[in-house]
Each structure stands twice: as C-alpha cells, then as structure tokens.
Amino acid sequence: MSRREFSPTVYAAIVKRATTDDHQIVCEGCGLVLGKKAWHIDHTIPDAMMIDKSRKLTAAEGKLLGVECCHAPKTKIDQGNIAKAKAVEAKDLGIKRSKQSFPRPPKQAKASNKIPVPPPRQLFEKRTQT
Ligand SMILES: [Zn+2]
C-alpha cells in the first residue's frame, strides 16, 4: 500500500494557507501560532481510508498541524480508524468470520427486570401508649 504524498505545489499551497499576513505559521487544527515549533502536513482524510487513490491530492485534503498540539494525537485516532475500516472491509469480503457466540438467553420480560417497589413505609408510627 502506498501512501500518496502531496505534490510540492499543493504542499506550498497548504503552507501558504496556514501562514498569516505577518508570516506566522498557524496550526490549522487549533489555531496556535507555531513559530519555530515543528509542524506537519497531515492528510485530512487518512489516505488508507480513500477508495480512489489515482486522484491527486489537493490542498483541501491536507492540513498543517503542529506536531505537539495536534498532529500527534490525530495520528493516534487515525490509526484506530484505519484499523477499524480494515476490519469492516475484511468482514465485508468474508475474510474474517465473525466469532461464533453462544446463543444468548432470551431477553427477560421488562416487568421482571423492574425492581419491586416496596410498600410505602410508615415513617411515623402511631403511638398506642399515652
Ligand atoms: Zn494545533
């Protein structure tokens, strides 16, 4: 599986988009001014999730993210999504059979799930002796 990279033109377009008028590079994830901090052009949609890989990436599909503030956590989420997408795909193709599970006991009637309501308690007992 090859991961498409942004062409230099698109890359430059994303950087330009993330650069303010006073030449500050801003994180497109949270708006933090990155200054000398490391940043990375991230795929807005994880490439592994894309169906059509022949199409060229556009600037709209990339985001300039600060490595510390946004890129690292997002990558972690993406990995999970990719794994999930792959699992679903495998299931669709019938590669992975769903686990055989034990037959579940029939659902109990709602009424029996209810906690029996105790009869109202008498808080004050009538004094029989005076
Ligand atoms: Zn950020």
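Q: How do you make sense of the overall build of the protein chain when you look at a structure like this?
A: Scanning the protein chain from terminus to terminus reveals three helices and two strands. Listed N to C, the secondary structure of the protein chain is α-β-β-α-α in terms of helices and strands. Per-residue burial over the protein chain gives 21% buried out of 130 residues. The contacts in the protein chain between residues at least 6 apart in sequence include a share of 66% that link residues at least 24 apart. A total accessible area of about 11400 Å² is found for the protein chain, and carbon and sulfur atoms account for 58% of it.

Q: Explain the packing of aromatic side chains here, please?
A: Given two aromatic rings, one states the distance between the centres and the angle between the planes to describe the pair. Using the criterion set out here, one finds one aromatic pair in the structure. Seen from their ring centres, Y11 and W39 are 6.5 Å apart, and the 40 degrees between their planes marks the pair as tilted. Here Y11 is found in helix α1 (residues 8-17), whereas its partner W39 is found in strand β1 (residues 39-43), with 28 residues between them in sequence.

Q: Would you explain the coordination of the zinc ion in this entry?
A: In ideal tetrahedral geometry, four donors around a metal make angles of 109.5 degrees, whereas ideal octahedral geometry with six donors gives angles of 90 or 180 degrees. Within the protein, the atoms that donate to the zinc ion are C27 (SG), C30 (SG), C69 (SG) and C70 (SG), at distances of 2.2 to 2.3 Å. Around the zinc ion, the four donor atoms sit at angles spanning 105 to 117 degrees, and that spread fits a shape best called tetrahedral. For the zinc ion, the donor residues sit on a single chain with the sequence spacing C-x2-C-x38-C-C.

Q: Is there a simple way to explain α1 in this structure?
A: Residues spaced three or four apart along an α-helix face the same direction, because each turn holds 3.6 residues. Along α1, the residues that are buried comprise V10, I14 and V15. Angularly, the buried residues of α1 cover 140 degrees about the axis, an arc narrow enough to put them on a single face. Exposed residues lying more than 90 degrees from the buried face of α1 are P8, T9 and K16. The inward-facing, buried residues of α1 abut β1 and β2 (62-66).

Definitions and limits used
- Residues numbered from 1 in each chain as written.
- Predicted model: local features only at pLDDT ≥ 70, side-chain atom pairs only at ≥ 80, totals over all residues.
- Heavy atoms only, no water.
- Helix = DSSP H or I, 4+ residues; strand = E, 2+ residues; numbered from the N terminus.
- Buried < 20%, exposed > 50% of the residue type's maximum accessible area, 1.4 Å probe, protein only.
- Contact = heavy atoms within 4.5 Å.
- Areas by Shrake-Rupley, 256 points an atom, 1.4 Å probe, with all protein chains shown as cover.
- Phe/Tyr/Trp six-rings, centres within 6.5 Å; stacked < 30°, edge-to-face > 60°.
- Donors = N, O, S within 2.8 Å, 3.2 Å for Na, K, Ca; no water.
- Tetrahedral: all angles 85-135°; square planar, octahedral: opposite > 155°, others 65-115°.
- Arc of directions from axis to C-beta.

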